[in-house]
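Chain by chain, the residues run as shown.
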Amino acid sequence: MTNLPHLTAAAILGLASTALHAEDAWWNKDWTQRQKITLDATAIGGSTGESTLLVRIADSSLFAGAREDGGDIRFVSSDGKTLLPHQVERYDSLLGEAFVWVKVPEVKANSLYLYFGNPESPAPGKSSDTYGENLAAVYHFAETGAPPADATANGNNASDPAIVSEGAIIGSGLRLSGTNTVALNATESLAWSAGKPVAISLWIKPSILQPNAVILSRGEGNTAFKILLDQGVPVVEIANGGAPVRSQGGTPVTAATWNHITVVADGGSVKLFSNGEPHSSITTGIPTLTGNINLGSASNGLNGEIDELRISNSALSPADIKLAFINQGGTEAAQKVLSAGAIEGGEEGGGGHVMEHLMLFGDIANNMMFDGWIAIGVCVVMIVMGWTVAFRKFFYLNRIEKGNKEFLRQWKELSTDLTALDHTDTSSVKSLGGAGSEDDQESMKDSPLYQIYHIGSEEISHRLEKRGGRTDGLSSRSIQAIRASLDTGLVHENHRLTDGLVFLTISIAGGPYVGLLGTVVGVMITFAIIAKSGEVNVNSIAPGIASALLATVVGLVVAIPALFIYSYLNSRIKKVASTMQVFIDEFVAKMAEFHSQKGDPAPGDGYSI
């Protein structure tokens, strides 16, 4: 009995050592690198069962070590043995962005490993295994020019191609114009019977808020199921042979933002969740429906985007819903639920090799010929010009976004009553009806929205002066003319935004060609010298060839960063441009509301806004 405590302690230490060894054990030596991914369920208030999680990959070291197509990526549980099914939705090694779905047995305080670094790896298993049996259909909307495909093994693909929207919350998304419909064909796996457990979740981004906009619908005769967005308020509506019953109340979502909507039907009730939290409910079960499921509507559908639609044949728990909202949302909370550690493995002593390679570049440059230096000089000029434009454009866009933010804050208050603004008073126009101080006006001077607002105010003032100061409103033709002036201002502001980007495109397109020209000329001269001297050996050829190739390297160094910078700046410019277009639409609508003459058609009736 006196040895029992010692035996117990030894057993505990042995079990702990075995557990640590199992977690540290390398799954397969053919995969040279791995990254630990830690799961933490505290953000959702507890653990969940089997889940399909989104892993966002943005680590440049991983893209450098993995295959170009990501075909060698594998996910292994913490036991070092169990291979987890996964599906790659998008893998772009050039942009350094990947979205991968991984099926995990449960989400709690545990971990898994992401393995990569095997150029000869075989094809991974079936991607449809990533989704559990209860999932009837999963749509990522990543297909361009093809019908949306079901990622599960059920094959519930749509019938017709849809409009793909790039830059959705997870890769690509579905674009709905308010008058187009995407039909999901009726199948046995998508059939609903009365009271059957059903869960539907999706992300939506409404461009505008409108009454009773149809997001998803399914109906047969007097029986129907609909998910609507009524002036921003998510609503579920069910008709089962009688008058429709709809959920009431709830906080509205905002336009131009991504929101997660989940509808859970279980027995005699249907609950609606918005952004992971309970929103509203009705005491009516799901009816029997077997027809097509439609996204959008030809008459009054959602005008906006949809992403990551999931239809399940089982009810989801509040923890499951919150997990999906946090994990898929890509916010700071998502990084706490699923956090990536340091990359392990790879070639040891990498720092020493890097220094050795950098020193070799100096030796190569010493053998550079005059023609190679000319090519490198041209590349240096392109780098200086391109980076100068990039830095100026970066700070310019920062000032624009700061000014736009301040302007929109004040415009939000002014737009409720444009009659408070005296268009004939310059100071009233500049200060947005007296709401903006001189400091605010200074911060807004670089705002394109502020400039377009001035154009509209000047046009209104000009027409009011022509009418002898009368304030009986503007005719529809005047409003259309003002709209044309605003569009002209939009074009000028777009020109200012894109001014100078041509130097980056020249660097992207011209850098590799200039470098290649230097390489070709250098190789030609090297071979000409060898032919003239008659001396043919590696020591006489290698230095000249290496120095000639250096010109191509410099050309690529010019082009590759310019490509990334151009893509980044272009995305920000597109965002500003879309904000200007939305503001013009709102300005014209508000102008028509507050300044139109009696008897003129309402916006959208007599003219296009």
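That block above? That's the structure.
Residues numbered from 1 in each chain as written. Predicted model: local features only at pLDDT ≥ 70, side-chain atom pairs only at ≥ 80, totals over all residues. Heavy atoms only, no water.

Draft legend 1. Seen up close, the overall build of the protein chain. The secondary structure content of the protein chain amounts to twelve helices and 22 strands. A burial count over the protein chain gives 42% of its 609 residues as buried. Long-range contacts, defined here as pairs at least 24 residues apart, represent 73% of the contacts in the protein chain between residues at least 6 apart. Accessible area of the protein chain: about 29700 Å², with a carbon and sulfur share of 57%. (Helix = DSSP H or I, 4+ residues; strand = E, 2+ residues; numbered from the N terminus. Buried < 20%, exposed > 50% of the residue type's maximum accessible area, 1.4 Å probe, protein only. Contact = heavy atoms within 4.5 Å. Areas by Shrake-Rupley, 256 points an atom, 1.4 Å probe, with all protein chains shown as cover.)

Draft legend 2. Region of interest: the sheet that holds strand β6 (residues 97-104). The three strands lie next to each other as β2-β6-β5, forming an open sheet whose pairing is antiparallel. The strands lining the two open edges of the sheet, one partner per strand, are β2 (51-57) and β5 (86-92). Geometrically, the sheet is characterised by an average inter-axis angle of 15° between neighbouring strands, direction not taken into account. Where helix α3 (residues 318-329) meets the sheet, it contacts β2 and β6, and its direction lies at approximately 15° from that of β2. (Pairing = 2+ DSSP bridges. Axes fitted to C-alpha atoms, helices over the stretch in contact; angles between N-to-C directions.)

Draft legend 3. Structural view of the pairing of strand β15 (residues 233-240). Judged by how many residues are buried, β15 sits mostly within the fold: seven of eight residues are covered. Pairing between strand β14 (residues 223-230) and β15: eight bridges, direction antiparallel. If you follow I227 over to β15, its bridge partner there is V236. The hairpin formed by β14 and β15 contains two residues between the paired strands, and Q231 there has a positive phi angle of roughly 55°. Summarising the sheet, β15 and strand β16 (residues 245-246) pair through two bridges and their orientation is antiparallel. For E237, the partnering residue across the bridge sits in β16 and is R246.

Draft legend 4. Region of the structure containing the environment of E188. If you trace the backbone, E188 turns up in the loop between β11 (181-184) and β12 (198-206). With relative accessibility at 76%, the residue E188 sits in the exposed group. The spatial distance from the C-alpha of E188 to the C-alpha of T290 is 7.9 Å, given a sequence separation of 102 residues.

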